[in-house]
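These are the residues of each chain, in order.
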Amino acid sequence: MKNVSIDTITQAFVDYCADDTDPRTMFVLTKLVEHLHAFAKETQLTHAEWARGLKFMTDAGKITDDERNEFVLISDVTGLSSLVDMIGSQHDGTSSSVLGPFHSVGAPELPVGGDLKKDNDGATVLVEGVVRDTYGNPIEGAMIELWQTAENGLYYSQDGNQGDFNLCCSMKTGADGRYAMTTVKPAPYKVPDDGPVGELFRATGRTPWRPSHLHFIVQSEGYRSLVTEVFANDDPYLDSDAVFGVREDLIMDYVETHDLDALPNDLEIGCNATLPYFKVDFDFVLVTENT
Ligand code: BEZ
Ligand code: FE
């Protein structure tokens, strides 16, 4: 095209692509460019504004390394990660939520009833429930992974004072599909805001805080893997989660209790919970792989 204009440039992009481009690649890229062009036209984007956008992305590249990926964080805090997740997981099972950057492979396996709190400070939480299929049948041998922050709002990988895999475990459900562990009540924490994403928060008056949560991955053969989080219903940040991870069915009552007799009798800590302790009952529902 020898005379590209505001009205023809989007079609020119399509025309310049080879006819044998993979159809899905072509579709996604064409839509991306269409929306980018529409964005520039709708906002009447200036050179200065676009230069600012390019600097933002360049800065994100500079701060990204093997330990920290600012582009993933940009995707998280703009809601794109959660949107992609929700598009791919419309079904009757437990809602999925963001994985986040603090999952570690290889956490030690605890038996059902095992204790993850050990000598961590904070209130004891008993988390228990059943992994089920969408008909309500318990799933035996499902593998659960749990990871969370300590009371100071830090994951072990962010905090030199915590041992490796502190507050991380895996657990296999018993014949009744049940899992149970004692742990510590997690705390709210801020996503990293010392880079370009922090500038985005400050420019928009948003909070970098996430509501306190327990991260879970639940897997069983023949079922879709579930990556999710469980939130406390009294958390002040439920309505402003920096990464848009909160879903109604993932908000739980952390029931405060003093009743040691209400503890199940298969807990590693026996009846030695510090009082008051909290109880979270949460069943996971997995959907079959082909749904
Ligand atoms: C997290 O929950 O650990 C997390 C999720 C997204 C971005 C940063 C942290
Ligand atoms: Fe987290």
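In this text the structure is predicted, and so the values were computed from the model without any measurement.

Draft legend 1. Region of interest: the packing of helix α3 (residues 47-63) against helix α6 (residues 196-204). At a closest axis distance of 9 Å, the pairing of α3 and α6 adopts a crossing angle of 140°. Judged by the inter-axis angle, α3 sits oblique to α6. Counting all contacts with α3, which are made through Arg52, Phe56, Asp59, Ala60 and Ile63, the residues of α6 involved are Pro196, Val197, Glu199 and Leu200. The class makeup of the residues in the contact of α3 with α6 is 6 nonpolar, no polar and 3 charged.

Draft legend 2. Just the coordination of the iron ion (ligand 2), in detail. Protein-derived coordination of the iron ion (ligand 2) comes from Tyr155 (OH), Tyr189 (OH), His213 (NE2) and His215 (NE2), at a distance range of 1.9 to 2.1 Å. Metal-centred angles of 54 to 164° between the 6 donor atoms at the iron ion (ligand 2) mark the site as irregular. Mapped onto the polypeptide sequence, the residues donating to the iron ion (ligand 2) form the spacing pattern Y-x33-Y-x23-H-x1-H. Each member of the pair, histidine 213 together with histidine 215, is buried.

Draft legend 3. Representation of the pattern of salt bridges. Tallied over the entire structure, the rule returns 13 salt bridges. A salt bridge links arginine 52 to glutamate 199; its shortest N-O distance comes to 2.6 Å. Of this pair, arginine 52 sits in helix α3 while glutamate 199 sits in helix α6, and the two are 147 residues apart along the sequence. Residue classification places arginine 52 among the partly exposed positions, given a relative accessible area of 40%. With its nearest N and O atoms 3.5 Å apart, the salt bridge here joins aspartate 193 to lysine 190. Assessed through its relative accessible area of 40%, lysine 190 is described here as partly exposed. Overlapping salt bridges bring together Glu128, Arg178, Asp266, Lys279 and Asp281 as one network.

Draft legend 4. Representation of the domain arrangement of the protein. The domain boundaries assigned to the protein delineate domain 1 (9-81) and domain 2 (92-286). For the pair domain 1 and domain 2, the summed buried area comes to about 1100 Å², and 69% of that belongs to carbon and sulfur atoms. Run the count over domain 1 and domain 2 and you get 2 salt bridges. With a closest N to O distance of 2.9 Å, arginine 68 and aspartate 194 form a salt bridge. Every element with two or more residues in the side of domain 1 that touches domain 2 is listed here: α3 and α4 (70-77). Partitioning the side of domain 1 that touches domain 2 into residue classes produces 6 nonpolar, 3 polar and 5 charged.

Draft legend 5. Structural context of the side chain of serine 104. Summarising the element assignment, serine 104 is placed in the loop between α5 (80-87) and β1 (109-110). What makes serine 104 buried here is its relative accessible area of 15%. Polar side-chain contacts of serine 104 include one of 2.9 Å to the side chain of tyrosine 156. The contact partners of serine 104, leaving out residues within four places of it in the chain, are Glu145, Tyr156 and Phe165.

Draft legend 6. Looking closely at the sheet that holds strand β5 (residues 168-172). Strand order in the open sheet formed by 6 strands is β1-β5-β4-β9-β10-β11, with mixed pairing between adjacent strands. Each edge of the open sheet is held by one strand with a lone partner, namely β1 and β11 (251-252). Pairing analysis gives 2 bridges linking β1 to β5, with the strands arranged parallel. Within β5, the residue paired with glutamate 109 across the bridge is serine 170.

Calculation rules
- Residues numbered from 1 in each chain as written.
- Chains lettered and ligands numbered in written order.
- Predicted model: local features only at pLDDT ≥ 70, side-chain atom pairs only at ≥ 80, totals over all residues.
- Heavy atoms only, no water.
- Axes fitted to C-alpha atoms, helices over the stretch in contact; angles between N-to-C directions.
- Helix = DSSP H or I, 4+ residues; strand = E, 2+ residues; numbered from the N terminus.
- Parallel < 35°, antiparallel > 145°, perpendicular 65-115°, else oblique.
- Contact = heavy atoms within 4.5 Å.
- Nonpolar A, V, L, I, M, F, W, Y, C, P; charged D, E, K, R; others polar.
- Donors = N, O, S within 2.8 Å, 3.2 Å for Na, K, Ca; no water.
- Tetrahedral: all angles 85-135°; square planar, octahedral: opposite > 155°, others 65-115°.
- Buried < 20%, exposed > 50% of the residue type's maximum accessible area, 1.4 Å probe, protein only.
- Salt bridge = Lys/Arg side-chain N within 4 Å of Asp/Glu carboxyl O.
- Domains from an automatic or database assignment.
- Buried area = accessible area lost by both parts, 1.4 Å probe.
- Polar contact = N/O pair within 3.5 Å; in protein donor to acceptor, adjacent residues only side chain to side chain.
- Pairing = 2+ DSSP bridges.

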